[in-house]
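# Inside the fold
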Amino acid sequence: MARLAQTAGLTDIQQEILSTVRDFVDKEIIPVATELEHRDEYPQQIVDGLKELGLFGLMIPEEYGGLGESLLTYALCVEEIARGWMSVSGIINTHFIVAYMLKQHGTQEQKDHFLPRMAAGDIRGAFSMSEPGLGSDVSAITSKAVKDGEEYVLNGQKMWLTNGGTSSLVAVLVRSDEGLTPEEAAAKPHKSMTTFLVEKEPGFGEVRPGLTIPGKIDKMGYKGVDTTELIMDGLRIPANRVLGGVTGRGFYQMMDGVEVGRVNVAARGCGVAQRAFELGVSYAQQRHTFGKPIAQHQAIQFKLAEMATKVEAAHAMMVNAARKKDSGERNDLEAGMAKYLASEYCKEVVEDAFRIHGGYGFSKEYEIERLYREAPMLLIGEGTAEIQKMIIGRRLLEEYRFQG
Ligand SMILES: Cc1cc2nc3c(=O)[nH]c(=O)nc-3n(C[C@H](O)[C@H](O)[C@H](O)COP(=O)(O)OP(=O)(O)OC[C@H]3O[C@@H](n4cnc5c(N)ncnc54)[C@H](O)[C@@H]3O)c2cc1C
């Protein structure tokens with residue numbers, strides 16, 4: 001199945017990493033994914049295997065014990081992993097975003113303290129912007145930090161933390177109006193937000209004084225990985241756990257993290273779509289109707305042609321967005337386009353593979369049933385389709401400003 005989604009110009013090291021990951025996915029993830037997903041069971045053995053492969057430190061610089069690889073290598077690994085089971089890519093994604101934010105914005109002490117143990121997979125990261133009343137509109141965040149001597153006291157409720165229970169470090173975005181009048185804070189909501197690095201015990205309940213992780217949210221798909229709320233009630237965080245050491249920069253730090261996260265979600269869409277294509281093309285050659293394999297009916301061949309074209313197009317855009325970031329250029333336009341296209345195409349390819357399976361696609365015995373419940377998450381996470389189109393539209397108007 002190697003014909004689709006090839007990437008030209010990879011180094012020997014990149015090819016070696018990808019082939020190792022692909023092998024791991026085929027042997028250790030695909031055979032157990034559907035069963036674990038149906039039980040909503042955390043894939044501990046798979047996570048241990050990823051730790052051994054060094055995947056938790058893939059993009060963390062070598063000086064901190066990571067592999068120091070590029071965003072492209074990371075995205076291609078995520079594509080492979082999501083081909084096996086999207087939830088597993090979710091386990092490493094928030095970790096990767098937090099490690100990236102630390103690398104880009106952390107103080108030296110914060111990097112030294114967290115990155116080596118994050119590279120080893122011993123500390124695992126989650127990131128938290130969303131609240132019960134907001135997701136797209138980050139500027140409306142209501143959780144608050146108030147300074148009290150050398151500490152900050154945090155209060156508020158967060159929603160939808162991927163890895164909220166299993167993580168031991170959460171990057172939490174809250175409002176910190178310190179130094180601003182209420183009028184200034186209201187006029188510049190983005191300038192009055194701060195990211196706190198909150199360490200906690202993994203698990204549920206009161207995981208640190210003032211910090212509660214109530215339990216797992218029951219989801220339609222994307223199971224296995226825990227998604228939780230987070231409640232801060234007088235949570236005290238020392239001032240040296242403000243990301244970068246300076247308040248008021250949280251919004252920009254988070255947006256930087258989400259931008260690489262978008263390439264990552266695009267990569268997931270590519271991986272899930274590839275798997276759906278593999279399942280569809282295989283089933284179409286085995287199922288017979290009207291005296292021949294359904295793959296010999298032109299209507300089904302057309303579906304396969306459309307699916308494969310979408311897999312190729314999404315992969316090309318995802319690779320382009322990752323390479324742009326790796327070259328040091330701004331990639332918000334490309335990342336927004338890649339995330340938008342890959343998630344929409346993923347949903348369509350999965351639906352076509354589901355249709356090819358006829359009634360069996362509706363049975364939990366078939367893998368496509370799981371993919372059908374997983375694909376919609378990609379339309380929402382790291383910014384909905386509407387939010388991507390807002391980003392793309394704004395950037396296009398900057399690039400193509402009317403010179404009248
Ligand atoms: C399984 C899962 C895991 C998640 N993990 C995390 C996580 O780890 N950390 C985290 O912080 N968040 C996480 N999220 C939250 C996710 O980022 C939000 O759900 C997402 O940003 C959308 O926000 P919302 O759900 O509040 O929808 P809303 O913002 O309420 O949007 C509702 C609808 O209105 C549309 N809309 C909103 N504003 C506009 C506009 N201006 N113009 C046009 N249409 C608009 C949206 O596109 C959407 O269709 C997760 C969500 C899920 C489902």
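Above this text sits the structure in question.
The present account deals with the structure reproduced in this document. (Residues numbered from 1 in each chain as written. Predicted model: local features only at pLDDT ≥ 70, side-chain atom pairs only at ≥ 80, totals over all residues. Heavy atoms only, no water.)

## Focus: the overall build of the protein
Basically, it comes down to this: A run of DSSP states H or I qualifies as a helix once it reaches four residues; a run of E qualifies as a strand once it reaches two. Both are numbered from the N-terminal end. Radius of gyration here uses only the C-alpha atoms, and the compact-globule reference equals 2.2 Å multiplied by the residue count raised to the power 0.38. Residue burial is assigned from relative accessible area. The probe radius is 1.4 Å, only protein chains are included, and a residue is buried under 20% of its type maximum, exposed over 50%, and partly exposed in between. The contact criterion used is simple: two residues touch if any of their non-hydrogen atoms lie within 4.5 Å.
For the protein, the helix and strand inventory stands at 11 helices and 10 strands. A globule of 404 residues ought to have a C-alpha radius of gyration of about 22 Å, and the protein, at 22 Å, matches this closely. With respect to the three principal axes, the spread of C-alpha positions in the protein is 80 × 60 × 40 Å. By the burial criterion, 56% of the 404 residues in the protein qualify as buried. Across the protein, the fraction of contacts at a sequence separation of at least 24, relative to all contacts at a separation of at least 6, is 75%.

## Details of unusual backbone geometry
Phi at Ala5 is positive, roughly 55 degrees, even though this residue is not glycine. Looking at where Ala5 falls in the secondary structure, it is placed in the segment before α1 (12-39). Positive phi is not limited to glycine here, since Asp40 has a value of about 55 degrees. Within the secondary structure, Asp40 is located in the loop between α1 and α2 (44-53).

## Things to note about the site of the ligand
So the rule is basically this: The near set for a molecule or strand comprises every residue that places at least one heavy atom within 4 Å of it. The term polar contact refers here to a pair of N or O atoms within 3.5 Å; inside protein, the definition further demands a hydrogen-donor-capable atom paired with an acceptor-capable atom, and it admits residues adjacent in sequence only when both atoms are side-chain atoms. The protein chains shown are the only cover counted for residues, whose accessible areas, like all others here, come from Shrake-Rupley with a 1.4 Å probe. Polar here means any residue outside two lists: the nonpolar Ala, Val, Leu, Ile, Met, Phe, Trp, Tyr, Cys and Pro, and the charged Asp, Glu, Lys and Arg; Gly therefore counts as polar.
Near the ligand lie 16 residues; those nearest to it are Ser136, Trp160, Thr162, Thr384 and Glu386. Ser130 has a polar side-chain atom sitting 2.8 Å from a nitrogen atom of the ligand. Within the complex, 64% of the 980 Å² of free accessible area of the ligand lies under protein. Of all the elements in the fold, those that place two or more residues in the shell around the ligand are β1 (125-128), β3 (151-162), α10 (367-380) and α11 (385-399). A class-by-class count of the residues in the shell around the ligand yields 9 nonpolar, 6 polar and 1 charged.

## Thoughts on the environment of Glu62
Position of Glu62 among the secondary structure elements: in the loop between α2 and α3 (71-84). Considering only alpha carbons, one finds Glu62 and His105, 43 residues apart in sequence, at a separation of 17 Å. Apart from the residues lying within four places of it in its own chain, the contact partners of Glu62 are Leu67 and Gly68.

## Considerations on the pattern of salt bridges
Keep this limit in mind: Put simply, a salt bridge is a Lys or Arg side-chain nitrogen that is within 4 Å of an Asp or Glu carboxyl oxygen.
Per the stated rule, a full pass over the model turns up 35 salt bridges. Where salt bridges share partners, they join Arg22, Asp26, Glu80, Arg83, Arg275, Glu278, Glu367, Arg370 and Glu374 into one cluster.

## Some words on the packing of aromatic side chains
Convention followed: Stacked, tilted and edge-to-face are the three classes assigned to paired rings of Phe, Tyr and Trp, where Trp is represented by its six-membered ring and a pair needs centres within 6.5 Å; plane angles under 30 degrees give stacked, over 60 edge-to-face, the rest tilted.
Counted under the stated rule, the structure contains 7 aromatic pairs. Judged by centre distance (6.3 Å) and plane angle (85 degrees), the ring pair of Tyr283 and Tyr366 falls under edge-to-face. Here Tyr283, found in helix α7 (residues 250-286), pairs with Tyr366, found in the loop between α9 (332-356) and α10; they are 83 residues apart in sequence, far enough to count as distant. Judged by its relative accessible area of 27%, Tyr366 is partly exposed. Look at Tyr360 and Tyr366: their rings are 5.5 Å apart centre to centre, the planes differ by 45 degrees, and that puts the pair in the tilted class. For Tyr360, a relative accessible area of 38% puts it in the partly exposed group.

## Thoughts on α9
The test is simple: By this rule the span expected of a helix is its residue count minus one, scaled by 1.5 Å.
For α9, with 25 residues, the first-to-last C-alpha span of 36 Å sits near the 36 Å given by 1.5 Å per residue. Positive phi shows up at Gly358, right after α9, with a value of about 55 degrees.

## Remarks on the pairing of β3
In summary, the side chains of a regular strand alternate between the two faces of the sheet. Applied cut-off: Here, any two strands with at least 2 DSSP bridges between them count as paired.
With 5 bridges joining them, strand β2 (residues 144-148) and β3 adopt antiparallel strand pairing. Counted as the bridge partner of Ala145 is Leu154 from β3. Pairing geometry for β3 and strand β8 (residues 227-238), over 10 bridges, is antiparallel. Note that in β8 the partner of Thr162 across the bridge is Thr227.

## Re the nonpolar core
Put simply, the rule is: Buried Ala, Val, Leu, Ile, Met, Phe, Trp, Tyr and Cys residues form a nonpolar core when they are joined through side-chain atoms within 4.5 Å.
Ile29, Leu50, Ile81, Leu102 and Met118 are the most contacted members of the largest nonpolar core, which has 103 residues in total. Among the elements that line this core, the one with the most residues is α7, at 17 residues. Aside from chain neighbours lying at most four places away, what touches Met118 is Phe56, Ile60, His95, Val98, Ala99, Leu102, Ile123, Gly125 and Leu169. By size, the runner-up hydrophobic cluster in this structure holds 18 residues, among which are Leu161, Val172, Val174 and Val207.

## Some words on the packing of α1 against α3
Rules: Only the stretch in contact is used when a helix axis is fitted, and all axes are lines through C-alpha atoms; the angle between N-to-C directions ranges over 0 to 180 degrees. Each angle is binned into one of four classes, with values under 35 degrees roughly parallel, values over 145 roughly antiparallel, values of 65 to 115 roughly perpendicular, and all other values oblique. Crossing handedness is read from the near helix: turned anticlockwise from the far helix by less than a right angle, it gives a left-handed crossing, and turned clockwise, a right-handed one.
The N-to-C vectors of α1 and α3 enclose an angle of 20 degrees; their axes lie 8 Å apart at closest approach. Considered as vectors, α1 and α3 are oriented roughly parallel to each other. α1 and α3 meet at a crossing whose hand is right-handed. Residue-level contacts link Gln14, Ile17, Leu18, Val21, Arg22, Val25, Asp26, Ile29, Ile30 and Ala33 of α1 to Leu72, Thr73, Leu76, Cys77, Glu80, Ile81, Arg83 and Gly84 of α3. Residue composition of the contact of α1 with α3, grouped by class: 11 nonpolar, 3 polar and 4 charged.

## Examining α1
The condition is simple: Here the bend at a residue is taken as the angle between two axes, fitted respectively to the seven residues that end there and the seven that start there.
Over its 28 residues, α1 runs 39 Å from end to end, which matches the ideal 40 Å to within 8%, given 1.5 Å per residue. At Ala33, α1 shows its largest kink, close to 50 degrees. Among the residues of α1, those classed as buried are Gln14, Ile17, Leu18, Val21, Phe24, Val25, Ile29, Ile30, Ala33, Thr34, Leu36 and Glu37. Against the buried residues of α1 lie α2, α3, α4 (86-105), α7 and α10. Following α1 by one or two positions, Asp40 adopts a phi angle in the positive range, close to 55 degrees.

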